[in-house]
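Chains, contacts and geometry: an overview
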Number of protein chains: 2
Amino acid sequence: MHEHTPIADGKAANRSGRLADWDGDKAAAFLKQAANLLCEHMASRNDLTQPVVRLASPAELAVAFTEAGVPLELRVGEDAASMPRLLAALGATLEHSVRTAHPLFLNQLYARPEPAGIAGDWLTVVANTNVHTYEAAPVFTLVERAVLARLAVLAGPSWAAAHDGLFVPGGSIANMYGMHLARAVVDPDSASRGAAGGPCLVAFTSAQAHYSYLKSARVCGLGSDNLVAVPCDASGAMLPAELEVAVEAALARGGVPFFVGATAGSTVLGAFDPLVELAKVCRRHNMWLHCDGAWGGACLLSAMHRGLMDGVELVDSLALNPHKMMGLPLQCSVFLARREGLLQSTNSSNADYLFQPDKLHADMDLGDKTIQCGRRADAYKLWLTWKALGDAGLEQRMDRNIALAAHVEARVVASGGAFQMVRPRSFANVCFWWLPRALRPFDAAAASPEQLTALGKVAPALKMRMQQSGDAMIGFQPLDGLPNFFRLVFASASALRFEDLDALMSRMDALGLELFP
Amino acid sequence: MHEHTPIADGKAANRSGRLADWDGDKAAAFLKQAANLLCEHMASRNDLTQPVVRLASPAELAVAFTEAGVPLELRVGEDAASMPRLLAALGATLEHSVRTAHPLFLNQLYARPEPAGIAGDWLTVVANTNVHTYEAAPVFTLVERAVLARLAVLAGPSWAAAHDGLFVPGGSIANMYGMHLARAVVDPDSASRGAAGGPCLVAFTSAQAHYSYLKSARVCGLGSDNLVAVPCDASGAMLPAELEVAVEAALARGGVPFFVGATAGSTVLGAFDPLVELAKVCRRHNMWLHCDGAWGGACLLSAMHRGLMDGVELVDSLALNPHKMMGLPLQCSVFLARREGLLQSTNSSNADYLFQPDKLHADMDLGDKTIQCGRRADAYKLWLTWKALGDAGLEQRMDRNIALAAHVEARVVASGGAFQMVRPRSFANVCFWWLPRALRPFDAAAASPEQLTALGKVAPALKMRMQQSGDAMIGFQPLDGLPNFFRLVFASASALRFEDLDALMSRMDALGLELFP
């Protein structure tokens, strides 16, 4: 290695002739103050006396930011703000944002981020590196490869033997990668010829699958008509026999079945498609089996729960979202394929301004495999979090989320009619109604249209009331003709105790009776 | 607004019954230490006595991390690391990563991030919010709308009158959005029917366009055969007459021309396609005009340079990458369309578990427009940076980069033969050779194959030598049969002085003569 002799010595920032911007010291001082403010916020994140949200309308927020000296809009001729004003902007943002790290933020499939995940993400922001080439991102390239290798081991021996993968911006894009690779395998000419003039490819997902399959089918030029929603059982899991029927029907129409998008942990019900059975159908019809494990894939971390994904060793590609149950900050998403070289052969552009073979260690470059160019070092925060928690810590995290869900289910069942399960709990999803007295017990099959309409109004009203008081945030939705129900999901609930959930349910019951006496 | 009465009071983290993970105080303490380390690093970023990179092979890095107590690989049964070890990991990462904020990191189209951009990004990590719904992301939703509106004003009156847009993960994806929307307009049935059985759509880009158009054409099912590379003039700008010829040829083959992917600031040469002329061809043939302004779009900030994008008011969609010349941390990318409602109608899934109409302020939700589900609040860091620098600061930044490029060009021209321009400079791209004495002056047209081969080896060797000594990082590539040349790009070079560049060129010359005496 050659010695570094500076081209010019001294601090460029402190010398004349340069643009007057913030020098290193001033930048560092500002960042330190910003960090203090963020760390203070972190220190209070378990504080249940804080509201989850200080609900405000767009107009109210506009006033609040203007009063803080940093109007939301960017005007033409906008002046440079002082450092105190910028810090005020950060403060106002934290104050008026939803506290997703609050123990009672139970609204989405993401929640409180792990401290090591935050620190890792902060570093990637400062390092500001694109993980396209080893030369620009030596550490991040190796870290990404290490994390992908560990995830492959987690998925089982068939994955560890041969895998390929990438960190990608979200589970939806990961699912799109699966569809795109599947097409490249079944119809390799499509890369040059395009889909027009080619076979009519047909994909299959469950009726409970995530909407990203639909969006991907449109983006990829497959078309929503060629994305078949296969019926599910009562738990929300795809029925293999129905898949077989759907495939035969597609064949009879002259279609070419090529892709099954399975789901491990569906969004609403937390259902797991039976991968072993689906793999049999796929083998029979030469279809690619992708598994959307964005939500449920974290079960692989747990000896107790990984059986939910039996058959994962048979799937061809897999989407994982560590920013969900593994507690990483958004975004941290993974696409894995069980075939080496396919990402490269499908996506390579061989851009010779970037992936020059006459560069040092160019064989390590990851960038030519992607459909992006710029790509964040999202693997790094997961690497650091894995180091921080260890395998046991991650498993404990996972098991705790399920235990909390099981506790709520038990309380619903024991509630004597005030609460009622919509379906038995699956994974960390608890779907239930709070019922006004007049509707107890609720029988959806026997309910009148008026009763269905009445119940459909309960969850939105109750949720709004809890949002307004900042108590908690819990999602709701209708499903399959059933009126709006609550979906309590435990994505990152390690700070929650069983008794906090008991208190939450008591509050819901009290507010419900207040709203619907 | 209702009062918030806590469901349970006191700190959940400090009470029994919860999972033993880091409580708020411990998390905050760790983050504070991590922030200190990162701020120290920031404080030294202008220090030219630091090498740009401490070049190491994958094997050397593996040893270094093991010696730091944090091996790169994640083993099965990995233990939880102590806080000091995690901090050591952060330190080792900074030490062995490329210092992209170093004034002499001139390798890529991104470089040193603005401090306000870093602070903004850090906040979004802590807030950990998905900008899909107003209810989960009230501030970030309004901020995204405000920044998009300001960018529309920047693009001109026709944009301010009607625009739609999103922050997306990278310029490549932004270009894909353009292609996807264009198809939705010209062949609306494709969303359901798919591309198979539909018209053979044909897209056009310049021969100098970014590879993302190619990748998008494959992903979208268009096929690379239906992406026509239109010839360019010597500067690298698309020739409108050649576009017309290519369109006619596509029509003659039975194709349906639908999309022109223009480039404002090409990757290697910094060329700008003539938008006014291209728009005429597009109007004539009813094609969508998208402009990839990922690199050059920043010229809109400058009164002096925005003329480079004359005609931007005529394009249908636009990709911008504030993480390039605006100095935002990766990623910060924008897609803008000059038609309201099209993103929604093209991408909507109306997922009723997320975009419930019976929710507060659901009309503000951005998530149903995207092809993602999870999406980072990348608009926020740009908003904060805009507040920090003001319009004038952003313009100064932009102008300074061009001035530095112009300075290098002048030095090359005045070098008396040691350096030679490949093409006249365009924008902030300076493409030049350093020539061994035997090859001066270099005439590519008259050069022998041996001379071309010999010159092709110069830039890689010289770059490697500079990388090894940590002097500077500068990209190189071949182009159109011309042997490898250096591409000096000024993406975020506000800490560089003219004399630093003079010193850099002297160093290159000295090292060149050492390597090729």
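Definitions and cut-offs
- Residues numbered from 1 in each chain as written.
- Chains lettered and ligands numbered in written order.
- Predicted model: local features only at pLDDT ≥ 70, side-chain atom pairs only at ≥ 80, totals over all residues.
- Heavy atoms only, no water.
- Least-squares fit on C-alpha atoms with pLDDT ≥ 70 in both.
- Contact = heavy atoms within 4.5 Å.
- Axes fitted to C-alpha atoms, helices over the stretch in contact; angles between N-to-C directions.
- Helix = DSSP H or I, 4+ residues; strand = E, 2+ residues; numbered from the N terminus.
- Left-handed = near helix turned anticlockwise from the far one by under 90°.
- Nonpolar A, V, L, I, M, F, W, Y, C, P; charged D, E, K, R; others polar.
- UniProt positions renumbered as here; feature names shortened; annotations may be inferred.
- pLDDT = per-residue confidence, 0-100.
- Buried area = accessible area lost by both parts, 1.4 Å probe.
- Salt bridge = Lys/Arg side-chain N within 4 Å of Asp/Glu carboxyl O.
- Disulfide = S-S within 2.5 Å.
- Buried < 20%, exposed > 50% of the residue type's maximum accessible area, 1.4 Å probe, protein only.
- Pairing = 2+ DSSP bridges.
- Polar contact = N/O pair within 3.5 Å; in protein donor to acceptor, adjacent residues only side chain to side chain.
- Domains from an automatic or database assignment.
- Parallel < 35°, antiparallel > 145°, perpendicular 65-115°, else oblique.
- Arc of directions from axis to C-beta.
- Phe/Tyr/Trp six-rings, centres within 6.5 Å; stacked < 30°, edge-to-face > 60°.

Next up on the list: the relation of the copies chain B and chain A. Superposition of the two copies of the chain requires a rotation about an axis together with a shift along that axis. The two copies are related by a screw motion: chain B maps onto chain A through a turn of 180° and a shift of 0.0 Å along the axis, at an RMSD of 0.0 Å. Classification of the inter-copy transformation places it as that of a two-fold axis. A shared binding surface is used by both copies, with 99% of the interface residues of chain B retained as interface residues in chain A.

Residues and elements named next belong to chain A. Direction vectors running N to C along helix 4 (residues 115-127) and helix 13 (residues 378-413) enclose 145°, while the axes themselves pass 8 Å from each other. Helix-helix and strand crossings are classified by hand; for helix 4 and helix 13 the assignment is right-handed. Side by side, helix 4 and helix 13 meet where Ala116, Gly117, Ala119, Gly120, Asp121, Leu123 and Thr124 of the first sit next to Tyr380, Lys381, Leu384, Thr385 and Ala388 of the second. Taken together, the residues that form the contact of helix 4 with helix 13 break down as six nonpolar, four polar and two charged.

All names here are of chain A. Feature annotation in UniProt places "modified residue: N6-(pyridoxal phosphate)lysine" (unreviewed entry) on Lys324, given in this structure's numbering. Secondary-structure assignment places Lys324 in the loop between strand 7 (317-320) and strand 8 (333-337). Every residue in contact with Lys324, bar those within four places of it in the chain, is listed here: Leu109, Tyr110, Ala294, Trp295 and Ala491.

All right, on to the confidence of the model for chain A then. Residue and element names in this part refer to chain A. For chain A, the average pLDDT comes to 93, and 96% of its residues sit at 70 or higher. Long-range and interchain partners of residues 9-20, a stretch whose pLDDT sits below 50, account for 36 contacts in this model, where long-range means more than four residues apart. Two numbers describe this predicted complex: its pTM, 0.96, and its ipTM, 0.95.

Moving on to the interface of chain B and chain A. Counting residues at the interface gives 197 residues for chain B and 197 residues for chain A. Here chain B packs against chain A, burying approximately 16,900 Å² in sum over the two surfaces, 63% of which is carbon and sulfur. Counting the contacts that link chain B with chain A gives six salt bridges. With a shortest N-O distance of 3.0 Å, Glu78(B) and Lys387(A) are connected by a salt bridge.

If you walk through the whole model with that rule in mind, you get zero disulfides over all chains. Cys39(A) carries a free sulfur, and the closest cysteine sulfur to it, the one in Cys39(B), is 9.6 Å from it. The class for Cys39(A) is buried, based on a relative accessible area of 0%. Free of any disulfide, Cys299(B) has its nearest neighbouring cysteine sulfur in Cys291(B), separated by 8.8 Å. A residue is classified by how much of its surface remains accessible, and Cys299(B), at 0% relative accessible area, is buried.

Residue and element names in this part refer to chain A. Scanning the entire structure with this criterion turns up 42 salt bridges over all chains. A salt bridge links Asp502 to Arg411, with the nearest nitrogen and oxygen atoms 3.6 Å apart. Taken together, the residues span a long stretch of sequence, with Asp502 in helix 16 (residues 498-515) and Arg411 in helix 13 at a distance of 91 residues. The exposure class of Arg411 is partly exposed, given its relative accessible area of 39%. Overlapping salt bridges, with partners in common, bring together Asp121, Arg376, Asp378 and Lys381 in one network.

As a further point, take the sheet that holds strand 10 (residues 429-434) of chain A. Pairing between the strands of a sheet comes from backbone hydrogen bonds, and it takes one of two forms, parallel or antiparallel. Residues and elements named next belong to chain A. As summarised here, the arrangement of the five strands in space is 1-11-12-10-9, forming an open sheet in which the pairing is mixed. Every other strand in the sheet has two partners, leaving strand 1 (105-106) and strand 9 (419-421) as the edge strands with one partner each. Sheet analysis places strand 10 next to strand 12 (residues 482-489), joined by four bridges and oriented antiparallel. Opposite Asn429, over in strand 12, you have Val489 as the bridge partner. Where helix 14 (residues 449-456) meets the sheet, its contacts fall on strand 10 and strand 12, and the angle it forms with strand 12 comes to roughly 30°.

Turning to the sheet that holds strand 3 (residues 201-206) of chain B, a few remarks are in order. Residue and element names in this part refer to chain B. The seven strands lie next to each other as 2-8-7-6-5-3-4, forming an open sheet whose pairing is mixed. Since the sheet does not close on itself, it has two edges, and those belong to strand 2 (164-168) and strand 4 (227-230), each with one partner. Taking each pair of neighbouring strands and ignoring which way they run, the sheet shows an average axis angle of 20°. Of the pairings in the sheet, the one linking strand 7 (residues 317-320) to strand 8 (residues 333-337) comprises four bridges and is antiparallel in character.

Its place among the elements puts Lys387(A) in helix 13. Leaving out residues up to four positions away in the same chain, Lys387(A) has contacts with Val70(B), Pro71(B), Glu73(B), Leu74(B), Glu78(B), Asp79(B), Ala80(B), Ala81(B) and Leu86(B).

What follows concerns the pairing of strand 8 of chain B. Residues and elements named next belong to chain B. With five of five residues buried, strand 8 is to be regarded as a mostly interior element. Relative to strand 8, strand 2 runs antiparallel, the two being bridged by five bridges. Directly across from Leu166, in strand 8, lies its bridge partner Phe335.

Residues and elements named next belong to chain B. Looking at the secondary structure, you find Thr124 in helix 4 (residues 115-127). Judged by its relative accessible area of 8%, Thr124 falls in the buried class. A distance of 2.7 Å separates a polar side-chain atom of Thr124 from the backbone oxygen of Asp121. Among all residues touching Thr124, those that are not within four sequence positions of it are Thr129, Phe140, Arg376, Ala377 and Tyr380.

With that settled, consider the domain arrangement of chain A. Assigned domains of chain A: these are domain 1 (25-93), domain 2 (129-383) and domain 3 (388-515). A straight line from the C-alpha centre of domain 1 of chain A to that of domain 2 of chain A covers 38 Å.

In this section: the packing of helix 1 (residues 24-43) of chain B against helix 3 (residues 83-96) of chain B. All names here are of chain B. One way to put it is that helix 1 packs onto helix 3 with a least axis distance of 11 Å and a crossing angle of 25°. Here helix 1 lies roughly parallel to helix 3, going by the angle between them. The element helix 1 and its partner helix 3 pack so that their crossing is right-handed. Within the contact between the two elements, helix 1 uses Lys26, Phe30, Gln33, Ala34, Leu37, Leu38 and His41 and helix 3 uses Met83, Leu86, Leu87, Leu90, Gly91 and Leu94. Considered class by class, the residues forming the contact of helix 1 with helix 3 number nine nonpolar, three polar and one charged.

Residues of helix 2 (residues 58-67) of chain B that are buried include every one of Leu61(B), Ala64(B) and Phe65(B), and no others. What you see down the axis of helix 2 of chain B is that its buried residues fit within an arc of 95°, all on one side. Projecting away from the buried face of helix 2 of chain B at angles above 90 degrees are the exposed residues Ala59(B) and Glu67(B). The elements touched by buried residues of helix 2 of chain B are helix 5 (138-155) and helix 13 of chain A together with helix 3 of chain B.

Moving on, we come to the packing of aromatic side chains. Two aromatic rings are characterised by how far apart their centres lie and by the angle between their planes. Residues and elements named next belong to chain B. For the structure on display, the rule yields 29 aromatic pairs over all chains. Seen from their ring centres, Trp433 and Phe442 are 5.0 Å apart, and the 70° between their planes marks the pair as edge-to-face. For Trp433, a relative accessible area of 4% gives the class buried. Judged by its relative accessible area of 7%, Phe442 falls in the buried class.

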